[in-house]
Protein chains: 2
Amino acid sequence: MSDTALVIFTPSGKRGHVARGTSVLAAARQLGVDLDSVCGGRGICSKCQVTPGVGDFPKHGVTVSATALSDWNAVEARYDEKRGLAKGRRLGCQATIEGDVVIDVPPGSQVHKQVVRKAAATREITMDPATRLYYVEVREPDMHEPTGDLQRLAEAMERDWEITGLTASTTVLTRLQPALRKGNWAVTVAVWHDHKGGAARLIDIWPGYFEGRLFGLAVDLGSTTIAAHLCDLRNGQVTASAGLMNPQIRFGEDLMSRVSYAMMNPGGAAQMTEAVRDAMDQLARELAEEAEVPPEQIVEAVVVCNPVMHHLLLGIDPVELGQAPFALATSDAVTSAAVDFGMTSINAEAQGYLLPCIAGHVGADCAAVALSEEPYKSDDLVLICDVGTNAEILLGTKNRVLACSSPTGPAFEGAQISSGQRAAPGAIERVEIDPATKEPRFRVIGSDLWSDHPGFAAATAEMGITGICGSGIIEAVAEMRMAGLLDASGLIGSAEATGTSRAIPDGRTFAYVLHDGSADGGPVITVTQGDIRAIQLAKSALFAGARLLMDELGVDAVDRVVLAGAFGAHISPKHAMVLGMIPDCPLEKVTSAGNAAGTGARIALCDISARARIEAEVRRIQKVETAIEPRFQEHFIAANAIPHATAPFSELAKVVTLPDVSFNAGNASDSGRRRRRRA
Amino acid sequence: MSDTALVIFTPSGKRGHVARGTSVLAAARQLGVDLDSVCGGRGICSKCQVTPGVGDFPKHGVTVSATALSDWNAVEARYDEKRGLAKGRRLGCQATIEGDVVIDVPPGSQVHKQVVRKAAATREITMDPATRLYYVEVREPDMHEPTGDLQRLAEAMERDWEITGLTASTTVLTRLQPALRKGNWAVTVAVWHDHKGGAARLIDIWPGYFEGRLFGLAVDLGSTTIAAHLCDLRNGQVTASAGLMNPQIRFGEDLMSRVSYAMMNPGGAAQMTEAVRDAMDQLARELAEEAEVPPEQIVEAVVVCNPVMHHLLLGIDPVELGQAPFALATSDAVTSAAVDFGMTSINAEAQGYLLPCIAGHVGADCAAVALSEEPYKSDDLVLICDVGTNAEILLGTKNRVLACSSPTGPAFEGAQISSGQRAAPGAIERVEIDPATKEPRFRVIGSDLWSDHPGFAAATAEMGITGICGSGIIEAVAEMRMAGLLDASGLIGSAEATGTSRAIPDGRTFAYVLHDGSADGGPVITVTQGDIRAIQLAKSALFAGARLLMDELGVDAVDRVVLAGAFGAHISPKHAMVLGMIPDCPLEKVTSAGNAAGTGARIALCDISARARIEAEVRRIQKVETAIEPRFQEHFIAANAIPHATAPFSELAKVVTLPDVSFNAGNASDSGRRRRRRA
């Protein structure tokens, strides 16, 4: 009998000969197979579970006998008794290889497991978070060879995990000695790794084997809203999500008014910094509470945001971003303590990461969208629009990517809309209007039923129907246009002109009643002329930004469009096209990506190699400055109509009919009538 | 005429040919000559001044013509007019080489200038501080090539100073943009360099060329006293010095009682941490005020201290240091923010450095003494005793160095001494007692006159004679022994036994009146029997520690002794030998090093290569644990006498006479008399 045995690992297919008696875990390490272990092979963590095969494996040219692995041992028996080991599973650190064998590494036992994203474009995130847990046994102190406890911990980390140069802040140092002694010289440590290589930093320490998990925050810090996800750093799962209005709104609705506030008020920037940091901390606390996660187990935070928010978060006066040449204080990614981002309630040593900015108006949020949607890998010409108070727009292929930012205002997020609200249960998110009857039906967040379904009232009774969110207002305006309630200039017709009593007078103009909940004490939800104008301004800005990039690239059409938005469900491609938010493109080539910036933040949170990747890619992205480009204004004005003249909706025409009505006359007479009614 | 010219730099002797028209500064850089420049050759800083020679230089085999350098130019003329350029001096960045020339680089123009230490053992410190100033001109932002201001600053630092990877905290980032604009894209930056290579950190920034200087603090944090020096980081000069009692004294006089306090009182360690950090900050503020240095120009702090103070300063519970195996939380040097050492009033970005600890009882203070006195470079066997509340003792040669710490208590620092005080104006620091008359004379800090000098009363009138400091009490006890006022067991004789009315009854024992200032409302300064006992305990501990190291090395004598003490003037070698503080050694081989730990701190402050050096040397130093060594107790008991029996003072005998008197009988009768008097 040979001294060695053939071992084949699936699904990687890695194979090789190892000495008989080698543990499966050791064999995996020898052959470079991704088999997890937190306890370093001590039979404690059970992360190294494998499924050995028995019988013929013609594909691999091997027959595996029942004795190819060592017998089930006492450690495995104890583990099975205490926590249960699934049938067919073995602990890789306990089972030794005694004959030729095929061993499957289930996804849960892979360190760098692939996590399938739920977004429309299915893509895998490799789990490789910056901060990970390691179980380690440390040499006891010896009076005759006096080294510090930290130095002996560092030595053990190098010995067991090949992690060199472990450092610790003075704060975490204060907890090192009690933990080592309580754990009888065995501890679990959380260690943060710099994605640029080198630094390894002790974040936390627990006595013995720590059963808990580590979590991270992915935060999309928008001008109007802040969205945060609490993610499990083991598998990337979102454990809890929460959103808040950005409290800086009281200093200015849009970015430029906040920059002005900082310029006009001494200490104004500091006030805004304090407000946003407080909000970040509040979100972190809420998420920890909701997910019932001890706050100290939140050890990382990745933030994406536009440049003005970026500077205000870091405490930098954004004044330079309000005037040409829009110079950033720093454009590179920022690795800092999470406490510098205001997060004082999570682990005190938690590390923060801010994605790089592309330019003075094109921020870390755009970089995050790029990281999520990867235009720099695209074979065809893709236009990516991330719709928020500022739209982040990317256009390009793997050869060249352009980026710009466009000030759409908060309308797409449901703000500055008469019945607008953020995406939360009770908010109208989908709208359809029958072109014949002009009657609407809708869906609200929190229920899958349309409003004309018999069960709808019961399903929504508790939460109520409270308002309309960003995706809802986009659909409502587009449906109104398609139902002939709006003319091409965006004017709402009167009841006479449109033939529906849902068109009611509202000041000098009209509004469309989407939902009248007044009988049950609920709100009357209308779409007003002001709402239409706000959406028109927003969509014109978005369209103009996209056109500017197309001009720069010298193209008149794009191959595909990706629509993304931080809040609410996905933006409906059809409605976006009806509105004229986006340029000409076959409808089936328009997809929704959900909160792409937030997804980018999550990717950077779960995979440090993504940080290195986006830092490199950002240097290649060419930015276009909308603020000083006269063509931007031209495109903006030209894009005001619904739909605008330059967009032939040939594809769309197959699906919807666009009645060409105009209410100019009706409107004039109507306002006359209104005056009469008042008199 | 050749296109090149020969240039010879003195004092380095470096020579080579450079193209005619090369500036002297550029030539110096080409030839590796140490010629300073802060402004990078822009004629602003004047740090590159040189003195060109004219005429024959037979030593160098060259004749220098008057036209060897370019003519005095407009920049030099303007500089001379505004600030004055010494005769014969040129600005190295302006003068170009036009012919063979000999150029002297004066010491003030060398970057790594050598600073001669004032201590007894003359040694040079190479100036190479971690934090230095650089003047740099930064590219203006360009909208079409959008990089952050920090990235363009980093690019300029790499271009002009070969400093790569500049990083900045979010705090300093907040001041980057205004400084760059105010300075019209020229700034002076303070950059900190990690002595392990690599990291370069932006500490501060000033618009344009900053005329100010940078300073650092060297702090010797003792159990009883804290001594700090404010040093000019350009030349190493001590600009101001200050001392404070360690406020932790209220929690316990000695280290072990503070460890006990921490063990017995929840939050006790934190209280002590707060107290010592407050004191550190107070010292820093006082020094800045005294030296009239803007606190933000203090950019570094180096601290040396024993392990218990080390842990308490860092906020680590010192409980493990109170029991075997005396495990340190961390033994390596600590590089941290100075604010972690409590220094909140200096530059917010100031970096702190704590020297490495040698063992659980042998701290960073001992490492600092080693750095200052360099036993690891000694050809002969040197014993170094740093006398404080704990004595740090080093013994060895370049082949092997041993270290230990011995708990001497605070007596040597003037604490727990009836008239003791810290070394400050008015404290008695030198004492002589006439063996015939038993009359004392003394000197106080703040005056060079002995007390029997006619001008003494006038010289000390204002400050008064307030007490006796550490070096004073050592001399007083030794002189009392030499004058026959004490017997070998340390007992003070009565007036009858000693023949002087200065020996007065004091409880059951006697005291010696050193100074009676009561006529002028001043104190009566006596040396009591309790004082003698305190000094005996202290010196026995010191001696026992030294003996223990000698045992370990298997020697009975040392080649030389270096005495060091944090406070007051130098300890008198003669008196130390009389007391039996130190083992047998020729008197001329006993030297005083002043505050060697403080000097070590200063060296580490002025020269980052010293940090790397001591970190390497500390690993080679073998420590001996006094606390668990039975022989330490034996030596301690044996060393109680003055002088002890095992020390043949042959050398000393040439200078002083040791009367062999005993007061045992006299004392008994005297205490009887005292009882009678009371009755």
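Residues numbered from 1 in each chain as written. Chains lettered and ligands numbered in written order. Predicted model: local features only at pLDDT ≥ 70, side-chain atom pairs only at ≥ 80, totals over all residues.

**Topic: the overall build of chain A**
The criterion, for reference: The helix and strand labels rest on DSSP assignments: H or I over at least four residues marks a helix, E over at least two residues marks a strand, and numbering proceeds from the N terminus. Values of the radius of gyration come from C-alpha atoms, whereas the globule rule sets the reference at 2.2 Å times the count of residues to the power 0.38. Residues are called buried when their C-beta atom has 20 or more other C-beta atoms within 10 Å, exposed when it has 12 or fewer, and partly exposed otherwise; all C-beta atoms are positioned from the backbone.
For chain A, the count of helices and strands is 18 helices and 31 strands. Taking 26 Å as the expected radius of gyration for a compact globule of 679 residues, we find that chain A reaches 29 Å, a close match to that expectation. C-alpha extents for chain A along the principal axes are approximately 100 × 65 × 55 Å. The buried share of chain A, taken over its 679 residues, is 54%.

**Observations concerning the interface of chain B and chain A**
Quick reminder of the rule: Residue pairs qualify as contacts under a 7 Å threshold applied to their C-beta atoms, which are placed from the backbone. Ten residue types, Ala, Val, Leu, Ile, Met, Phe, Trp, Tyr, Cys and Pro, are classed as nonpolar, four, Asp, Glu, Lys and Arg, as charged, and the remainder, Gly among them, as polar.
Between chain B and chain A, the contact holds 35 residues from the first and 34 residues from the second. Looking at the side of chain B that touches chain A, the elements with two or more residues in it are α3 (149–161) and α4 (170–182) of chain B. Considered class by class, the residues forming the side of chain B that touches chain A number 16 nonpolar, 11 polar and 8 charged.

**Considering the domain arrangement of chain A**
Let me state the cut-off plainly: What counts as a domain boundary in this text is fixed by an automatic or database domain assignment.
According to the domain assignment, chain A contains domain 1 (4–109), domain 2 (130–207), domain 3 (373–409 + 535–653) and domain 4 (411–534). Inter-centroid distance (C-alpha atoms) of domain 1 of chain A to domain 3 of chain A is 48 Å.

**What to know about the sheet that holds strand β31 (residues 622–623) of chain B**
Residue and element names in this part refer to chain B. Our working definition: Paired strands, in this sense, are two strands between which DSSP finds at least two bridges. The angle between two axes is taken between their N-to-C directions and runs from 0 to 180 degrees, where each axis is a line fitted to C-alpha atoms and a helix contributes only its stretch in contact.
Spatially, β30-β29-β20-β21-β22-β31 is the arrangement adopted by the 6 strands of the open sheet, whose pairing is mixed. Looking along the sheet, the strands with just one partner apiece sit at the ends: β30 (590–594) and β31. In the sheet, strand β21 (residues 391–396) pairs with strand β22 (residues 401–406) via 6 bridges, with the strands oriented antiparallel. Across the sheet, residue isoleucine 393 finds its bridge partner in β22, namely cysteine 404. Along the sheet face, helix α8 (residues 364–373) touches β20 (382–387), β21, β22, β29 (560–565) and β30 and points at about 45 degrees away from the line of β21. Docked against the sheet, helix α14 (residues 596–606) engages β20, β29 and β30, running at close to 55 degrees with respect to β30.

**Side note on the relation of the copies chain B and chain A**
The criterion, for reference: Least-squares superposition aligns the copies on the C-alpha atoms of those residues with pLDDT at or above 70 in both.
With an RMSD of 0.2 Å, the operation that places chain B on chain A is a rotation of 180 degrees combined with a shift of 0.0 Å along the axis. The symmetry that links the two subunits is that of a two-fold axis.

**Topic: the pairing of strand β24 (residues 440–444) of chain A**
All names here are of chain A. Among the 5 residues of β24, 4 are classified as buried, and the element is accordingly described as predominantly covered. As judged from the 5 bridges shared by strand β23 (residues 427–433) and β24, these two strands associate in the antiparallel manner. Following the sheet pairing, glutamate 432 is matched in β24 by arginine 441. Counted between consecutive antiparallel strands, the loop separating β23 from β24 contains 6 residues, among which lysine 438 sits at a positive phi close to 65 degrees.

**Overview of the environment of glycine 208 of chain B**
All names here are of chain B. Tracing the sequence through the fold places glycine 208 in the loop between β13 (200–207) and β14 (215–221). What makes glycine 208 partly exposed here is the crowd of 15 C-beta atoms within 10 Å. Placed 29 residues apart in sequence, glycine 208 and alanine 179 show a C-alpha to C-alpha distance of 8.1 Å.

**Focus: unusual backbone geometry**
Cis geometry marks the peptide bond from alanine 324 of chain A to proline 325 of chain A; its omega dihedral reads 5 degrees. The residue after threonine 10 of chain B, namely proline 11 of chain B, is reached through a cis peptide bond having omega 5 degrees. Tracing the backbone shows proline 11 of chain B in the loop between β1 (4–10) and β2 (15–19). Even without a glycine there, the phi angle at glutamate 292 of chain A is positive, about 55 degrees. If you trace the backbone, glutamate 292 of chain A turns up in the loop between α6 (268–291) and β17 (298–305). One non-glycine residue with positive phi stands out, namely serine 46 of chain B, at about 65 degrees.

**Concerning the nonpolar core**
Just so we agree on the cut-off: As used here, a nonpolar core is made of buried Ala, Val, Leu, Ile, Met, Phe, Trp, Tyr and Cys residues. They are joined through C-beta atoms within 7 Å.
Ranked by internal contacts, the top residues of the largest apolar core, which has 380 residues, are Val219, Val303 and Cys385 of chain A together with Val219, Val303 and Cys385 of chain B. Residues contacting valine 219 of chain B, with those up to four places away along its chain left out, are Ile226, Ala228, Met280, Ala301, Val302, Val303 and Ala601 of chain B.

**Description of the environment of methionine 550 of chain A**
Position of methionine 550 of chain A relative to the elements: it lies in helix α12 (residues 529–553). For the pair methionine 550 of chain A and glycine 472 of chain A, spaced 78 residues apart in sequence, the C-alpha to C-alpha distance is 28 Å.

**Considerations on the packing of helix α8 (residues 364–373) of chain A against helix α14 (residues 596–606) of chain A**
All names here are of chain A. The condition is simple: An angle counts as roughly parallel when it lies under 35 degrees, as roughly antiparallel when it exceeds 145, as roughly perpendicular when it falls between 65 and 115, and as oblique in every other case.
Viewed as axis vectors pointing N to C, α8 and α14 meet at an angle of 75 degrees, and their least axial separation amounts to 7 Å. Here α8 is positioned roughly perpendicular relative to α14, judged by the angle of their axes. In this structure, α8 uses Asp365, Ala368, Val369, Leu371, Ser372 and Glu373 to contact α14, whose residues at the interface are Ala596, Ala597, Thr599, Gly600, Ala601, Ile603 and Ala604. In terms of residue class, the contact of α8 with α14 is built from 8 nonpolar, 3 polar and 2 charged.

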